[in-house]
Amino acid sequence: MSFLRPNYNKPGRGVEKDEPQGSAFVRYFKLYFRNFSKMLGYGVIYAIVLLPLACVAAYVVFSVNPEGVTKYIQTILDGMNSLVAETDKFFIPGSWLYVLLSIVSVVPTWVLLPLAAISAICIGPLNCGIVYCMRNHAREEHAWFSDLFTRAWRNKWQGLAFGILDQAICLSLIIYLVSPGTLGMPDWAFTYCRILCVAAFVIYMIMRWYIYQMIVTFNLGFRGLMKNAWMFVILGFGRNVAVAFGSLALMALVLVLPMYDMRVMAFSMLFVLLFFWSMLMFMAGFGTYPVMHRYLVAPALEEQRKAEIKRRKAAGEPLDDLEDAAASEDGEKKTDADEESSENDSILDDDD
């Protein structure tokens, strides 16, 4: 399939150095489709790894509120039967909860639970691998598809820790949102906890856009990652809002729209399998990386350059390459000499 393997040797105008970049909306899709085959791979892998966890989440929803879920599904099925009777065609029920619970009812528990455990362990490191590739695509640098796996392994421990934190926060949100009762608390206390849980979820979802980028870009501990991510929630407010609206629009397209028109459910399932996750994660990286670059990457590189100048002056070594790098527009890329002389305790990752 030639569209998955673009031929960069074909004659043509190519990309001009000073070619206008266009709006952020245009650049997003231009970069996405420039790396289309890789994006397709990222999306499929992420969807497959996430599927067992999504099935478990659907089962938790049913376990917490079986009566409410049963009524909801019955309403969905009634709507589907009416549509089938009108058109004399078969349609997939327009509910992701119904689809996931159907998978849970068909797949044996002894198969689903081990798969869910593997997914729970792998999802955090996989986030690191994909975010590394998305970050490179966003700043128009090359990334091998294999970087997804090498970076996932390289950042496995921090990825595992934040992957578990992601799941814990999502689980608490599910319980507070779908619980039919007050979990043994007074009404006012449960309402307060529910609002607090939703607020914490929203803030953390914005923070994690930066957390995984910092994991693959810097040598920072848990405290540093959380502190900086919280600062970026405020410093990148405008971009965060734009990415949030774009993400909500994309989620509404595939999650909410099928509830109103079941005829698009098959398309939504295919879209989620192939494109949804890569588009969502690239949107986050594309929209938020400039904030991290401005407040962390650029200052860190400048400090690193000053330290290298000081070291070379003390050693009597030439400074020509560092002065050229400082004058270059692409100040984010380091020379080979810079990489060789980087100290082990540098805030930047060795390759970044």
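Up top is the structure these notes are about.
Described in the following lines is the structure provided in the data block. Just so it is clear, the model here is predicted, and its values are computed rather than measured.

Quick notes on the rules
- Residues numbered from 1 in each chain as written.
- Predicted model: local features only at pLDDT ≥ 70, side-chain atom pairs only at ≥ 80, totals over all residues.
- Heavy atoms only, no water.
- Helix = DSSP H or I, 4+ residues; strand = E, 2+ residues; numbered from the N terminus.
- Buried < 20%, exposed > 50% of the residue type's maximum accessible area, 1.4 Å probe, protein only.
- Contact = heavy atoms within 4.5 Å.
- Areas by Shrake-Rupley, 256 points an atom, 1.4 Å probe, with all protein chains shown as cover.
- Polar contact = N/O pair within 3.5 Å; in protein donor to acceptor, adjacent residues only side chain to side chain.
- Salt bridge = Lys/Arg side-chain N within 4 Å of Asp/Glu carboxyl O.
- Phe/Tyr/Trp six-rings, centres within 6.5 Å; stacked < 30°, edge-to-face > 60°.
- Core = buried A, V, L, I, M, F, W, Y, C linked by side-chain atoms within 4.5 Å.
- Expected span 1.5 Å × (residues − 1).
- Axes fitted to C-alpha atoms, helices over the stretch in contact; angles between N-to-C directions.
- Parallel < 35°, antiparallel > 145°, perpendicular 65-115°, else oblique.
- Left-handed = near helix turned anticlockwise from the far one by under 90°.
- Nonpolar A, V, L, I, M, F, W, Y, C, P; charged D, E, K, R; others polar.

If you tally the helices and strands in the protein, you get 13 helices and zero strands. Its helices and strands in sequence order give the protein the pattern α-α-α-α-α-α-α-α-α-α-α-α-α, from N to C terminus. Out of the 352 residues in the protein, the part that is buried amounts to 40%. Here the analysis covers contacts within the protein between residues at least 6 apart in sequence; of these, 75% occur between residues at least 24 apart. Element-wise, carbon and sulfur atoms account for 66% of the exposed surface of the protein, whose accessible area totals about 20000 Å².

All right, on to the environment of D147 then. As for its position among the elements, D147 is in helix α6 (residues 147-154). In the structure, D147 is positioned 15 residues away from Y132 in sequence and 7.8 Å away in space, judged by C-alpha atoms. Within the structure, D147 has its side chain in polar contact with the backbone nitrogen of W144 (distance 2.9 Å).

Considered for burial, the residues of helix α4 (residues 96-106) that qualify are W96, L97, V99, L100, L101 and V104. Residues of α4 that are buried make contact with α2 (36-64), α3 (66-87), α5 (109-138), α10 (237-260) and α11 (265-315).

As a further point, take the pattern of salt bridges. One pass over the structure, following the stated rule, counts seven salt bridges. For R27, the salt bridge identified is with E140, shortest N-O distance 3.4 Å. Taken together, the residues span a long stretch of sequence, with R27 in helix α1 (residues 24-34) and E140 in the loop between α5 and α6 at a distance of 113 residues. Two residues, E141 and R139, come together in a salt bridge whose shortest N-O distance is 3.1 Å. Across this residue pair, the class does not change: E141 and R139 are buried. Each of R27, R34 and E140 takes part in one network of salt bridges that share partners.

Following the sequence through the fold, P114 ends up in helix α5. Judged by relative accessible area, which is 39%, P114 ranks as partly exposed. For the pair P114 and P52, spaced 62 residues apart in the sequence, the C-alpha separation amounts to 9.1 Å.

Scanning the entire structure with this criterion turns up 22 aromatic pairs. Relative to W277, the ring of Y46 has its centre 5.4 Å away and its plane inclined at 55°; by these criteria the two rings are tilted. Separated by 231 residues along the polypeptide, Y46 in helix α2 and W277 in helix α11 bring together distant segments of the chain. Here W277 falls in the partly exposed class, since its relative accessible area comes to 21%.

With that settled, consider unusual backbone geometry. Even without glycine at this site, E140 takes up a positive phi of about 60°. In this structure, L183 takes a positive phi of about 55° despite not being glycine. The class for L183 is partly exposed, based on a relative accessible area of 46%.

As a further point, take the nonpolar core. In terms of nonpolar packing, the biggest core is built from 66 residues, with Y210, M214, I215, F218, F282 and M292 touching the most fellow members. Take this core: its biggest share by element is 18 residues, from α11. Listed in part, the 12 residues of the second largest apolar core include V61, V69, L97 and I174.

Of note, P290 is situated in helix α11. Taking the C-alpha atoms as reference, P290 lies 9.0 Å from G236; in sequence the two are 54 residues apart.

Across its 23 residues, helix α7 (residues 156-178) extends 32 Å between first and last C-alpha, which sits within 8% of the 33 Å expected from 1.5 Å per residue. Taken as a whole, α7 has its buried residues at G159, F162, G163, D166, I169, L173 and I174. Structurally, α7 contributes buried residues whose contacts are with α2, α5, α8 (187-217) and α9 (222-235).

It is at 9 Å that the axes of α2 and α7 come closest, and there the two elements cross at 30°. One element, α2, and the other, α7, form an angle in the roughly parallel class. α7 is crossed by α2, and the crossing has right-handed handedness. Counting all contacts with α2, which are made through L53, A57, V60, V61 and V64, the residues of α7 involved are Q167, L171, I174, I175 and V178. Of the residues that constitute the contact of α2 with α7, the class distribution is nine nonpolar, one polar and no charged.

Another aspect to go through is the packing of α5 against α6. Orientation of α5 relative to α6, taken along the N-to-C sense of each, is 130°, at an axis distance of 7 Å. Comparing their axes, α6 and α5 come out oblique. For the pair α5 and α6, the sense of crossing is right-handed. Together, P125, L126, C128, G129, I130, Y132 and C133 of α5 and D147, L148, R151 and A152 of α6 make up the contact between the two elements.

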